Amino acid sequence: MDSDKRGPLDGLEEGFIALTLGLMTIITLANVVARYLFNSNILWALEATVFLFAWLVLVGASYGVKKTFHIGIDIVVNSLPAPARKGLTLLAGLACLTFAMLLLIGSWNYWWPFASSRSFYETNDLPVPFFLTWMGDVFNEGEAYEKLPRFIPYFVMPFAMALLTFRILEAIWRVAKDEQDLLIAGHEAEDLYEDADDAVHAQEGEIR
């Protein structure tokens, strides 16, 4: 399996996950310092970390497909001969692709009204960064936003689902070219158990 092969969007998930984790850490730490040292509070900190965590989970789904981190049961496919295993894996990939495309359509249909007819909807506490103040003229009929419009943080839904669809297509293509066996890491726990068991036996041998 060559899941680390460089691709057109390789590194996108890693960078996004690192950025969101870093921002969550900085915002939470700053809020703790403000609360306990200065008896103050960053009003928008909680909402920001909630959105960042949602972004992390949604984009992490495509990262899991890319790295075959998703857990599954492979006892049936591993008992089959190679051609049948490949065919069943491709069938499972097509099922995952169908599900991802449905999620993409649903997330787009949910997000688009917030970018069009409901563009006046704002977040509860998140302020508008100075470099986005122009959006009021474009999306809010010339009226300045008091808080960050919701279509910005909500955009991660169609974005993440599009990325998930792309990663599943990549996985199916790798399976079709015999560069990857399965879509999942079904034997991950078993491998860890075997490594631990080997380590125990090695220690017992040294003691003897």
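If you're wondering where the values come from, they're calculated on a predicted model, not measured in any experiment.

**Student:** Sorry, what's going on with the packing of aromatic side chains here?
**Tutor:** The geometry of an aromatic ring pair comes down to the distance between the two centres and the angle between the two planes. The full count for this structure, using the stated rule, is 16 aromatic pairs. Ring geometry for F16 versus W55: centroids 6.2 Å apart, planes at 45°, classification tilted. Taken together, the residues span a long stretch of sequence, with F16 in helix α1 (residues 12–37) and W55 in helix α2 (residues 45–66) at a distance of 39 residues. Between the aromatic rings of F120 and Y121, the centroid separation amounts to 4.9 Å while the plane-to-plane angle is 45°, which identifies the pairing as tilted. Here Y121 falls in the partly exposed class, since its relative accessible area comes to 35%. Cluster of aromatic residues (ring-pair linked, three or more members): F16, W55, W108, W111, W112, F155 and F159. A cation sits over an aromatic face here: R118 above F114, 5.7 Å from the ring centre.

**Student:** I tried to follow helix α3 (residues 82–115) on my own but got confused; where do I start?
**Tutor:** One full turn of an α-helix is made of 3.6 residues, so residues set three or four places apart face in the same direction. Compared with the 50 Å implied by 1.5 Å per residue over 34 residues, the 48 Å span of α3 between its first and last C-alpha is a close match. Listed in full, the buried residues belonging to α3 are T89, G93, L97, A100, S107, W111, P113, F114 and A115. Elements in contact with the buried residues of α3: α4 (135–139), α5 (151–154) and α6 (156–176).

Calculation rules
- Residues numbered from 1 in each chain as written.
- Predicted model: local features only at pLDDT ≥ 70, side-chain atom pairs only at ≥ 80, totals over all residues.
- Heavy atoms only, no water.
- Phe/Tyr/Trp six-rings, centres within 6.5 Å; stacked < 30°, edge-to-face > 60°.
- Helix = DSSP H or I, 4+ residues; strand = E, 2+ residues; numbered from the N terminus.
- Buried < 20%, exposed > 50% of the residue type's maximum accessible area, 1.4 Å probe, protein only.
- Lys NZ or Arg CZ within 6 Å of the ring centre and 35° of its normal.
- Expected span 1.5 Å × (residues − 1).
- Contact = heavy atoms within 4.5 Å.

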